[in-house]
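Single-letter residue listing:
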Amino acid sequence: MTPVIPAHELTLAQVENQFNLRQVLDDSTFFPEAQDNLSELNDLEKQTLDRVKTEVAIADFCICYD
């Protein structure tokens, strides 16, 4: 039986290494059905997306350099 390791005992880096995970940002071959025939974002949606991207970048910085 495979041993079970509680999630609180793992780091994100360990999980990424164990399962060979990588971040996919601008890969046009990743999940193409969600990219076809999409309507253009309106200004409010673009502003919201920019805000979320900024907040994620700040959160990543705080996690990595905290």
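Data block above holds the structure.
Keep in mind that this is a model prediction, so the values were computed, not measured.

Some words on the overall build of the protein chain
Then comes step 1: What the protein chain contains, in helices and strands, is 2 helices and 0 strands.
Then comes step 2: For 66 residues, the compact-globule formula gives about 11 Å, and the C-alpha radius of gyration of the protein chain, at 17 Å, lies well above that figure.
Then comes step 3: Out of the 66 residues in the protein chain, the part that is buried amounts to 0%.
Then comes step 4: Carbon and sulfur atoms provide 57% of the accessible area of the protein chain, an area that totals close to 6800 Å².
Then comes step 5: Measuring between centres, the 4 positive side-chain charges of the protein chain sit 5 Å from its 13 negative side-chain charges.

Overview of the environment of Leu41
Then comes step 1: By secondary structure assignment, the location of Leu41 is in the loop between α1 (12-18) and α2 (43-65).
Then comes step 2: For Leu41, a relative accessible area of 38% corresponds to the partly exposed category.
Then comes step 3: Once residues lying within four places of it in the same chain are set aside, the contact partners of Leu41 are Lys46 and Leu49.

Remarks on unusual backbone geometry
Then comes step 1: Its identity is not glycine, yet Asn20 carries a phi of approximately 50°, on the positive side.
Then comes step 2: Looking at Asn20, the relative accessible area reads 68%, which means it is exposed.

Section: the pattern of salt bridges
Then comes step 1: Applying the stated criterion across every chain, the model contains 2 salt bridges.
Then comes step 2: Notably, a salt bridge pairs Lys46 with Glu40, separated by 3.6 Å at the nearest N-O pair.
Then comes step 3: With a relative accessible area of 35%, Lys46 lands in the partly exposed category.
Then comes step 4: For the salt bridge of Arg51 with Glu55, the shortest nitrogen-to-oxygen distance reads 3.3 Å. Placement of the pair is Arg51 and Glu55 together in helix α2, with a separation of 4 residues, close to one helical turn.

Thresholds, definitions, all that
Residues numbered from 1 in each chain as written. Predicted model: local features only at pLDDT ≥ 70, side-chain atom pairs only at ≥ 80, totals over all residues. Heavy atoms only, no water. Helix = DSSP H or I, 4+ residues; strand = E, 2+ residues; numbered from the N terminus. Rg over C-alpha atoms; globule rule 2.2 N^0.38 Å. Buried < 20%, exposed > 50% of the residue type's maximum accessible area, 1.4 Å probe, protein only. Areas by Shrake-Rupley, 256 points an atom, 1.4 Å probe, with all protein chains shown as cover. Lys, Arg positive; Asp, Glu negative; His and termini not counted. Charge placed at Lys NZ, Arg CZ, Asp CG, Glu CD. Contact = heavy atoms within 4.5 Å. Salt bridge = Lys/Arg side-chain N within 4 Å of Asp/Glu carboxyl O.

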